[in-house]
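Structure assessment
One letter stands for each residue in the lines below.
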Amino acid sequence: MDAQKSLFPSAFEVETPKGADGWKDLYPYYTHFNPNRREQDDNTFWFCNSQHWPTPFRPFDTIMLDFAIKGLGQYNTRHLLVPPANGVDYRILNGYVYFSPVAVAPEQIEGRVPQFMERAGHYFMNWGDLYANWKEKVLAKIKELDAINFTTLPDVEALDVVTGGVGLDSTNQLFDQYDKAIEMCYKIWQYHFEFLNLGYAAYLDFFGFVKEQFPSIPDQAIAKMVQGVDSELFRPDDEIKKLAKLAVELGLVQAVHTGSVDDALAAIAAAPNGDKWIAQWNAAKDPWFNFTSGNGFYSTDKYWIDHLDIPFGYLRDYIERVEAGEEIMRPTAKLLAERDRITSEYREMMDDEAQAVFDGKLGLARVVFPYVEDHNFYIEHWALGTFWRKMRELSQLLCDEGFWNNADDMFFLNRNEVRDVLWDYSSSWAIGVAKRGTDVWPAEIERRRAIHLALSKVRPLPALNNPPEVITEPFTIMLWGITSEAIERWVSSDSDDGSLRGMAAAPGIVEGVARVLSSPDQLRELQKGEILVTPVTAPSWAPVFGKIGAAVTDIGGMMSHAAIVCREYGLPAVTGTGNASSKITTGMRLRVDGNNGTVTVLD
């Protein structure tokens, strides 16, 4: 390939950011663009998956990338044999991950269809029982993770270890517990994809059928036919809303607004009827506060249950809105009415045979599609939050042993290096000599921290090399919003009227002031009625969706979390704009047209 004629640059010609020399040392060899395979890598189209990984990785955090993409691939390629799609290949460039979906050779697609129908059909016909079993498996793994405990090695083994003929020492628990935590994380990611691809497949099958019947139907109209889902992903937000209403009902508003979270909880407990509110607060915490303001993929993500100021801030905001007479609950009834209306209108235009097929495919999509959001709470939030908590405990233990200087420094090592540190700790303890890593890791971690910081200051390129003439891979389109039109927007100049184009992800037209955010830590900056502009949203941003007027993202398709959540909250959304967060600044007045996928700067 002639790199000069490429629409996007070759990975081998992208410069290393200033101060980031040696960045490849942070990541596994198999994530590198290898010069020995340049021809193959240059003839592959790669797009930056900033929807799931919007910031550069710390070395340890690549565990989530490895396990997630392997899990996705195994179900498409080896379990279900999805006819047109295998897994997703991936590379890391300057700290950001680039994806390339692996298509099935056209001549092999037909042969995979009956195998997929048999395997997927078994899940579709037994969805309720299998899904119940899935929950049991995931909850069991969460329980196992929560039971993991790392213990500092003793000065001397207890006498009963000797007299009892145990024959083993305390180092075994360190290795056993660490290996078990990694194993649990690996298995949890496999469970993650057991149902997810089927949820998308059922919707895509329904989507394709409706498109055949009505070629000009807007994608958004089809999405409306499955909206109004009762997803458990919305429960944390719903619990906060119920607590806000209860606080107003019981006359506890002043107590809730008292000082810090601890101060407020003490004031509530001391107030009349406060015990009733505290009981509901405690019931909501477990499990619904196992919820992160990020997406669960980073060691830096903050979880509500560990940072109660996050849900308490949402609580106080909801109370103010309840007192102002606002309706804070999701407009589910309205969404269901619109869903039924649009479904009925299109159904009536079909003949009897087509209606029967439509009813079957729609019925299946409505049954299985909620999993697309439900799994998020159990995996990304609850399970991964438990995993990160245990890893922070281990990092603190090794920090106390002098291997590094800060409680979170362990995450600048990869998962295999951490096991080497455990060996260093164990062997030096057993031999009775000084630990070697205490003279190695502090300086190395600071070097890596500086590299990571340098990588974080540079935005990633949206893609590498030439895209195919037409992008047809359905998951790429639906989830990430990578379409031929989107790619054209990435490389074209601004439109004459100064508007940005994206995917019409959720209907409605709103005008308002922009608030550009790049991190969940900035969510508190949002003011009522503002338009949220961000590279990507996380499902856990739902508590602010009742405050904003609309949402605009750089990346994401019709089935991205931003699109789904906005539709469920009745907000206009334009996703997949490519660069809205870098072209729009806070304070600009915008018109967001979620019907046509345009964002216009008014002044």
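Residues numbered from 1 in each chain as written. Predicted model: local features only at pLDDT ≥ 70, side-chain atom pairs only at ≥ 80, totals over all residues. Heavy atoms only, no water.

Within the chain one finds 22 helices and 12 strands. Its C-alpha atoms give the chain a radius of gyration of 26 Å, near enough to 25 Å, the size a compact globule of 603 residues would have. C-alpha atoms of the chain, sized along the principal axes, occupy 85 × 75 × 55 Å. Within the chain, the fraction of its 603 residues that count as buried is 56%. Considering only contacts within the chain whose residues lie at least 6 apart along the sequence, 72% involve residues at least 24 apart. Carbon and sulfur atoms provide 51% of the accessible area of the chain, an area that totals close to 25400 Å². (Helix = DSSP H or I, 4+ residues; strand = E, 2+ residues; numbered from the N terminus. Rg over C-alpha atoms; globule rule 2.2 N^0.38 Å. Buried < 20%, exposed > 50% of the residue type's maximum accessible area, 1.4 Å probe, protein only. Contact = heavy atoms within 4.5 Å. Areas by Shrake-Rupley, 256 points an atom, 1.4 Å probe, with all protein chains shown as cover.)

We now examine the domain arrangement of the chain. For the chain, the domain assignment lists domain 1 (3-121 + 459-474), domain 2 (130-185 + 377-455), domain 3 (232-329) and domain 4 (496-601). Put simply, the middle of domain 2 and the middle of domain 4, counted by C-alpha atoms, are 40 Å apart. (Domains from an automatic or database assignment.)

What follows covers the packing of aromatic side chains. Considering all chains together, one arrives at 51 aromatic pairs under this definition. Plain terms: the ring middles of phenylalanine 60 and phenylalanine 387 are 6.5 Å apart, the flat faces sit at 20° to each other, and that makes the pair stacked. In this pair, phenylalanine 60 is assigned in the loop between β1 (46-48) and α2 (62-79) and phenylalanine 387 in helix α15 (residues 371-400), connecting sequence segments 327 residues apart. Grouping residues by exposure puts phenylalanine 60 and phenylalanine 387 together as buried. One residue, arginine 91, lies across the ring of phenylalanine 33, its end atom 6.0 Å from the ring centre. (Phe/Tyr/Trp six-rings, centres within 6.5 Å; stacked < 30°, edge-to-face > 60°. Lys NZ or Arg CZ within 6 Å of the ring centre and 35° of its normal.)

Turning our eyes to something else, we now look at the pairing of strand β9 (residues 550-553). Residues in a regular strand project their side chains so that they alternate between the two faces of the sheet. Both faces of β9 are covered, namely the face carrying Ala550 and Val552 and the face carrying Ala551 and Thr553. Relative to strand β10 (residues 573-575), β9 is paired through 2 bridges, and the arrangement is parallel. For alanine 551, the partnering residue across the bridge sits in β10 and is alanine 573. You can see the chain leave β9, run along helix α21 (residues 561-568) and come back into β10, and the turn it takes is right-handed. (Pairing = 2+ DSSP bridges. Right-handed = clockwise from strand over helix to strand, strands pointing away.)

This part is about the environment of serine 231. In this structure, serine 231 sits in the loop between α7 (219-224) and α8 (235-249). By relative accessible area, serine 231 is classed as buried at 2%. As for serine 231 and valine 516, which are separated by 285 residues in sequence, their C-alpha atoms are 28 Å apart. Beyond its immediate stretch of four places on either side in the chain, serine 231 contacts Pro370, Glu373 and Asp374. Polar side-chain contacts of serine 231 include one of 3.1 Å to the backbone nitrogen of leucine 233. (Polar contact = N/O pair within 3.5 Å; in protein donor to acceptor, adjacent residues only side chain to side chain.)

Next up on the list: the sheet that holds β10. Strand order in the open sheet formed by 8 strands is β5-β12-β11-β7-β8-β9-β10-β6, with mixed pairing between adjacent strands. Because the sheet does not close on itself, it has two edges, and the strands there are β5 (499-501) and β6 (503-506). Here the strands of the sheet are splayed against their neighbours by 30° on average, with no regard to which way each runs. On the sheet, α21 packs against β6, β9 and β10 and is oriented at approximately 45° with respect to β6. (Axes fitted to C-alpha atoms, helices over the stretch in contact; angles between N-to-C directions.)

On to empty space enclosed by the protein, then. The method is simple in principle: a probe with the dimensions of a water molecule rolls over the atoms, and the space it marks as empty is what remains. Applying the stated criterion to the full structure yields 2 cavities of 30 Å³ or more. In this structure, the largest cavity occupies an estimated 320 Å³ of space. Taken together, 30 residues make up the lining of the largest cavity; nearest its centre are Leu72, Phe193, Leu196, Leu479 and Trp480. When contributions to the lining of the largest cavity are tallied by element, the ones reaching two or more residues are α2, β2 (85-93), β3 (96-103), α6 (171-213), α15 and α18 (474-480). Examining the composition of the lining of the largest cavity, we find that 6 residues originate from one element, α6, more than from any other. Class assignment for the residues of the lining of the largest cavity results in 17 nonpolar, 11 polar and 2 charged. Its volume calculated, the second largest cavity comes out at about 50 Å³. Counting residues per element, the lining of the second largest cavity draws most heavily on α21, which supplies 3 residues. Taken together, the residues that form the lining of the second largest cavity break down as 5 nonpolar, 1 polar and 2 charged. (1 Å grid on protein atoms, 1.4 Å probe; cavity = no way out; pocket = protein on both sides within 12 Å on 5 of 7 lines; lining within 4 Å. Points joined across faces, edges and corners; volume = space filled by probe spheres on them. Nonpolar A, V, L, I, M, F, W, Y, C, P; charged D, E, K, R; others polar.)

Ordered by their spatial adjacency, 4 strands build an open sheet running β2-β3-β1-β4, and the pairing between neighbours is antiparallel. Both outer strands of the open sheet, β2 and β4 (463-464), are each paired with one neighbouring strand and no more. Across 2 bridges, β1 lies against β3 in antiparallel orientation. When the bridges of β3 are listed, cysteine 48 appears paired with tyrosine 98.

Inspection of the secondary structure puts phenylalanine 193 in helix α6. Considered as a pair, phenylalanine 193 and glycine 556 are 363 residues apart in the sequence and their alpha carbons are 19 Å apart.

The final tally for this structure, using the stated rule, is 44 salt bridges. With a shortest N-O distance of 3.3 Å, aspartate 306 and arginine 392 are connected by a salt bridge. Separated by 86 residues along the polypeptide, aspartate 306 in the loop between α11 (274-288) and α12 (309-323) and arginine 392 in helix α15 bring together distant segments of the chain. Judged by relative accessible area, arginine 392 falls into the partly exposed class, the value being 27%. Aspartate 309 is the salt-bridge partner of arginine 524, the closest N and O atoms lying 2.8 Å from each other. Of this pair, arginine 524 sits in the loop between β7 (509-516) and β8 (531-534) while aspartate 309 is found in helix α12, placing the two residues 215 residues apart along the sequence. On the accessibility criterion, aspartate 309 (38% relative accessible area) is partly exposed. (Salt bridge = Lys/Arg side-chain N within 4 Å of Asp/Glu carboxyl O.)

Moving on to the packing of α6 against helix α16 (residues 415-431). Where α6 meets α16, the axes come as close as 10 Å, and the angle between the chain directions of the two elements is 170°. Accordingly, the angle class assigned to the pair α6 and α16 is roughly antiparallel. In this structure, α6 uses Thr171, Leu174, Phe175, Tyr178 and Asp179 to contact α16, whose residues at the interface are Arg415, Val418, Arg419, Leu422, Trp423, Tyr425, Ser426 and Trp429. (Parallel < 35°, antiparallel > 145°, perpendicular 65-115°, else oblique.)

Quick look at the side chain of threonine 598 now. Along the polypeptide, threonine 598 turns up in strand β12 (residues 598-601). Residue contacts for threonine 598: discarding those within four places in its chain leaves Leu500, Arg501, Val574, Arg591, Val592 and Asp593.

Time to look at the pairing of β12. With 3 bridges joining them, β5 and β12 adopt antiparallel strand pairing. Bridging across to β12, arginine 501 finds its partner in threonine 598. Hairpin connection, strand β11 (residues 589-593) to β12: the antiparallel pair is bridged by 4 residues, and glycine 597 has positive phi, about 75°.

Assignment of secondary structure puts tryptophan 304 in the loop between α11 and α12. For tryptophan 304, a relative accessible area of 0% translates into the label buried. With 266 residues separating them in the primary sequence, tryptophan 304 and arginine 38 have C-alpha atoms 44 Å apart. The residues touching tryptophan 304, leaving out its near neighbours within four places in the chain, are Pro236, Asp237, Ile240, Trp288, Phe289, Phe291, Ile310, Pro311, Tyr314 and Pro543.

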